[in-house]
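Here is what each chain is made of, one letter per residue.
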Amino acid sequence: MRTELTKRIFFACITVFLLTSSLILYVMNSYLMQRNIAELKDRAVLLASAVNQYGETFLSSVKTGNGRLTLIAADGTVLFDSQLNPAHMENHSQREEFQEAVKLGEGDSERYSDSLFKKTVNYAVRLDNHQVIRVSMNQDTVFRLIISVLSPVIFIVLLMIFLSVVLAAQSSRKIMKPINLLDPENPDDRNIYDEMKPFIRRLIAQNQQIQHQMQQLQTEHRKQDDMRREFTANVSHELKTPLTSISGFAEIIRDGYVQQKDISHFADNIYREAQRLMTLVNDILKLSRLETEVIDTQEPRTSVNLLTLCQNVRERLSIHAEKNHLSFSCQGETVSITGIPRVLEEIVYNLCDNAIKYNHPGGFVHINIFQSEHHAVVQIQDNGIGIPQQDQERIFERFYRVNKSHSKEVGGTGLGLSIVKHGMALHYGQIQLESEEGKGTCIKLFFPLPN
Ligand code: ADP
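The rules behind each value
Residues numbered from 1 in each chain as written. Predicted model: local features only at pLDDT ≥ 70, side-chain atom pairs only at ≥ 80, totals over all residues. Heavy atoms only, no water. Helix = DSSP H or I, 4+ residues; strand = E, 2+ residues; numbered from the N terminus. Contact = heavy atoms within 4.5 Å. Pairing = 2+ DSSP bridges. Axes fitted to C-alpha atoms, helices over the stretch in contact; angles between N-to-C directions. Near = heavy atom within 4 Å. Polar contact = N/O pair within 3.5 Å; in protein donor to acceptor, adjacent residues only side chain to side chain. Areas by Shrake-Rupley, 256 points an atom, 1.4 Å probe, with all protein chains shown as cover. Nonpolar A, V, L, I, M, F, W, Y, C, P; charged D, E, K, R; others polar.

### Brief notes about the environment of G414
No. 1: Residue placement: G414 occurs in the loop between α10 (404-409) and α11 (416-426).
No. 2: Sequence-wise, G414 and Y400 are 14 residues apart; in three dimensions their C-alpha atoms are separated by 5.4 Å.
No. 3: Contact partners of G414, with chain neighbours within four places excluded, come to E397, R398, F399, Y400 and R401.

Below you can see the structure in the form of structure tokens.
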């Protein structure tokens, strides 16, 4: 990270240096050019007025220095030149500065001679006798200037590169120092520069959020642990009761305290307790399967026709209802949802089983299936014993029973509604309970409709 930062700062320095130097050279070059042309013009105008006054013979005595002086006849023939023999020179009528001077009185031009390194600047002035006097000067270009001062330029460039490297390394060290010293778990925005402050603030906020989430998770874990412990205790207790009975009955028979005629009665008791045990173990297994969500991987979700499913449940429980002298009906619309058929049947079965178990002889159980705007609804209604208001919130808890002995009498385990609750959660459904003690219970199941 630091080398990357150093590199970037270094390149920024070098770019700024090169750009600035080029711009300065360009501006200097244009300024020098302008000044030279102005000087050349002054000289040409002065010479022209001297020739006008004293005649051309005067020209040969003029000191030209690094400049050059040319006198051109009106037709372009060179009459005098301070550097070359006019006899060997070509006609100058096509030269730009000459043509301009003939036409306008004065004219100038610039030409690169040989290469980009040298430039000739000309200034021409028309004389009273229509001849033209021209002053020329060679001018060094920027390239030449640079080359002529190459060694100091190289020295300056190297110095700048060195300075850039040092500055870049120093800046990146300064930028990185507070970052390297930062403790991500305990960020402090006091010794940090302003640009870093929003980052630190975000870090602090994130740390707080993580801490809050950790606390929530811990509470959640604690709750789950408590629930698991409670469940294990409840299960052990529930299993112990029938096992104690079975072992007690068997002990009495083994010790010969039971008369032959009573044996079948005791055997029946053992059988019923064993059945209870089986139902209990079955319910516990069902619940743990629903909770561990193995169902989703083992049993695929399919389209389930709720009317057919409820009719099947009614079929399975009809004898049970008849025994209790209840009327049991199932009607409604054909509505399909996406779900796990076995779990859905289990849900409806448990609810109808309760409606039968907690009912009076002569009562009824109605299943109704219909569709509301966004849901498929299964309604199970009975006119049985109802659930007291204060128990209604708790009956979906495991092993919660309003009347424990009554529940046991009718073969309940206290797990039926827990299975319903978990099954509904697997189907993203909701349960609505309406019940009045002594009047009956109505449970509505809401399933989201498939898109
Ligand atoms: P159980 O195996 O005891 O029936 P559930 O979890 O199915 O366990 O039900 C919990 C308790 O809710 C039952 O013990 C019973 O007291 C009460 N309950 C459930 N359904 C009904 C109903 N339809 N009418 C009256 N009470 C009900």
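### Examining the sheet that holds strand β12 (residues 440-448)
No. 1: Read from one edge to the other, the open sheet built from five strands follows the order β7-β9-β10-β12-β11, with strand pairing classed as mixed. This sheet does not close on itself; its edge strands, each paired only once, are β7 (327-332) and β11 (430-436). Each strand of the sheet is rotated relative to its neighbour by a mean of 10°, with strand direction disregarded.
No. 2: Direction of pairing for strand β10 (residues 375-382) relative to β12: antiparallel, over a ladder of eight bridges. Bridging from a neighbouring strand, A376 pairs with F447 of β12.
No. 3: Set on the sheet, helix α8 (residues 306-323) makes contact with β7, β9 (364-371), β10 and β12; between it and β7 the angle comes to about 175°.

### A closer look at unusual backbone geometry
No. 1: Look at H130: it is not a glycine, yet its phi comes out positive at around 70°.
No. 2: Residue position: H130 is located in the loop between β4 (118-126) and β5 (132-140).
No. 3: Located in the positive-phi region is H325, a residue other than glycine, with phi close to 55°.

### Description of the site of the ligand
No. 1: Around the ligand, the structure places 20 residues, and the nearest of them are N354, Y358, S407, T413 and L417.
No. 2: Between the ligand and S407 there is a distance of 2.7 Å, counted from an oxygen atom to a side-chain nitrogen or oxygen.
No. 3: Contact between the ligand and T413: an oxygen atom at 2.7 Å from a main-chain N or O atom of the residue.
No. 4: Coverage of the ligand by the protein amounts to 97% of the 530 Å² it exposes when considered alone.
No. 5: For the shell around the ligand, the elements supplying multiple residues, two or more each, are α9 (341-357) and α11.
No. 6: In terms of residues, the shell around the ligand owes the most to one element, α9, which gives three residues.
No. 7: The residue inventory of the shell around the ligand, partitioned by class, reads nine nonpolar, eight polar and three charged.

Note that all results are geometric; they support no functional claim without further evidence.
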